[in-house]
Amino acid sequence: MGLITLSEVKPGLKLGSDVQTLRGNVLLQKGKVILPKDMEVLRAFMIHQVDIEQERMGSGSTGTKGASASAGSTANEKNGERAGKTGNVTTAPVATSLQEEYEKMVGLTKNAFLSSLAAELPVYELRTQLEAVFAHLKQYNVLTFSPRVMQEHDYVYHHAVLSAITSYQLAQWIDLPSKDWMQVAFAGLFHDIGNNKVDPQILHKPSSLTVTEQEEIRQHTKYGYQILKQAKAINEGARLAALQHHEKVDGSGYPLQLSGTQIHIYAKIVAIADIFHAMTLEKIYRKAQSPYLVLEQIQSEAFGKLDPAIVSAFVQRSTQIHNGIRVKLSNNQIGEIVFSDRDHPTRPMVSVEGNIVNLMQQRQLHIQEIIS
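Below, the structure is looked at part by part.

Calculation notes
Residues numbered from 1 in each chain as written. Predicted model: local features only at pLDDT ≥ 70, side-chain atom pairs only at ≥ 80, totals over all residues. Heavy atoms only, no water. Helix = DSSP H or I, 4+ residues; strand = E, 2+ residues; numbered from the N terminus. Buried < 20%, exposed > 50% of the residue type's maximum accessible area, 1.4 Å probe, protein only. Contact = heavy atoms within 4.5 Å. Areas by Shrake-Rupley, 256 points an atom, 1.4 Å probe, with all protein chains shown as cover. Phe/Tyr/Trp six-rings, centres within 6.5 Å; stacked < 30°, edge-to-face > 60°. Core = buried A, V, L, I, M, F, W, Y, C linked by side-chain atoms within 4.5 Å. 1 Å grid on protein atoms, 1.4 Å probe; cavity = no way out; pocket = protein on both sides within 12 Å on 5 of 7 lines; lining within 4 Å. Points joined across faces, edges and corners; volume = space filled by probe spheres on them. Nonpolar A, V, L, I, M, F, W, Y, C, P; charged D, E, K, R; others polar. Polar contact = N/O pair within 3.5 Å; in protein donor to acceptor, adjacent residues only side chain to side chain. Arc of directions from axis to C-beta.

Within the protein chain, the secondary structure is distributed over 13 helices and 9 strands. Relative to its 372 residues, the protein chain shows a buried fraction of 47%. Relative to all contacts within the protein chain whose residues are 6 or more apart in sequence, the contacts with residues 24 or more apart total 61%. Of the accessible surface of the protein chain, which amounts to about 18700 Å², a share of 50% is contributed by carbon and sulfur atoms.

Printed below as a string of structure tokens:
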């Protein structure tokens, strides 16, 4: 068997062992002769090395063990490191944080969006960085995570990346098959890419829009679908999320007034992530809102506007951090959550200087923010 890098793989070679995804699913089976289309599949799933049958490696009469070492040496010469278990050199991975990978993702997204009208979207590079972000997913909480630094004109890119992360997590929470998770993340990342074709003066206008301007803004859904039709490694669900994320389950949305099951599941997921981050991120002309108040608004939208099952999963799972957490109330008092009723997860009981504040009863108050 010979382990070689993807750059060395050529159509016509035969696989010496199964090629598996990062999650352990078999992508290509042992013995398969690699075709040109298989190369695209390998790149899309970020496969960096494959095992090739001895006979096609041109190793003559040397044994399997020697062929593996030879293949490792070749990879070493070309890439400056040994591949797999055949090498003697190991490089310790560099520890990174969620914030660091998030910031890299925002920069890559910004470059991709700015060039999307003139160049092909770098889907493979974006996927690689998304994988790096998701490696730190346990550090992510939708209610508490916020960018360390955000330039005011970079809102669009932060919103895209946060929507991707939250959509990915929400896809897991509602038990979508794992094969859908990355595509749902792409749906979140690209759902507003059509705004690139909207007049920036209208897009960033701080005052009320005219009827004509509102109609132009609404065209971003169709523009986004058209842009994504040209992109590789993105499925139809991700494209439809760009088109349908403003549709409502009661048929009152746009652009096609679809309802219920006519709306793709990816679009239903992204719609929730889109609303949440649009309201909790700081904008040039509007301050960020309390994530708890936004959750309550999303809950109210579950009656006829958003998918109620997905909304329920989002609210329940995102608020599971509760008891013992320190929070700041809307009257600026600092307290600690001591009890959370799962039927009303956004309005727990908070202990403030020895007194219990029941937010279910004191409706004029709400949690402004969680204190890390």
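That covers the picture; the talk isn't over yet.
Let us look at the packing of aromatic side chains. Under the definition given, this model contains 8 aromatic pairs. Ring centres of phenylalanine 113 and tyrosine 157 lie 6.1 Å apart, and the angle between their planes is 80°; on these two criteria the pair is classed as edge-to-face. With phenylalanine 113 in helix H3 (residues 98–114) and tyrosine 157 in helix H5 (residues 155–173), this pair connects stretches of sequence that are 44 residues apart. Here phenylalanine 113 matches tyrosine 157 in class, with each residue buried.

Glancing now at the nonpolar core. Membership of the largest hydrophobic core comes to 78 residues, with the highest contact counts inside it found for Leu130, Phe134, Leu189, Phe190, Ile298 and Phe314. For this core, the leading source of residues is H5, giving 11 residues. Other than its neighbours up to four places away in sequence, leucine 130 contacts Met105, Ala164, Met182, Ala185, Phe186 and Leu189. Ranked by size, the runner-up nonpolar core spans 13 residues in total, among them Val19, Leu42, Ile47 and Val50.

Further remarks concern empty space enclosed by the protein. Enumeration over the complete set of coordinates arrives at 1 cavity of 30 Å³ or more. Counted as a void, the largest cavity has a volume near 50 Å³. Gln244, Glu247, Val249, Ile263, Ala267, Lys268, Ala271, Lys305, Leu306 and Asp307 are the residues that line the largest cavity. Among the elements that line the lining of the largest cavity, the one with the most residues is helix H11 (residues 265–280), at 3 residues. A breakdown of the residues in the lining of the largest cavity according to their chemical character gives 5 nonpolar, 1 polar and 4 charged.

It is worth spelling out the side chain of asparagine 358 at this point. Tracing the backbone through its elements, the reader meets asparagine 358 in strand E8 (residues 355–358). Within polar-contact distance, the side chain of asparagine 358 engages the backbone nitrogen of methionine 360 at 2.9 Å. Dropping the residues within four chain positions of it, asparagine 358 is found in contact with Pro348 and Met349.

Okay, helix H9 (residues 220–229) next. Listing the buried residues of H9 in full gives His220, Thr221, Tyr223, Gly224, Ile227 and Leu228. Taken around the axis of H9, the buried residues stretch over an arc of 160°, which confines them to a single face. Against helix H6 (178–190), helix H8 (211–218) and helix H10 (236–244) lie the buried residues of H9.

Taken as a whole, the largest pocket holds about 1100 Å³ of empty space. For the lining of the largest pocket, the elements supplying multiple residues, two or more each, are H5, H6, H8 and H11. Split by residue class, the lining of the largest pocket holds 16 nonpolar, 12 polar and 7 charged.

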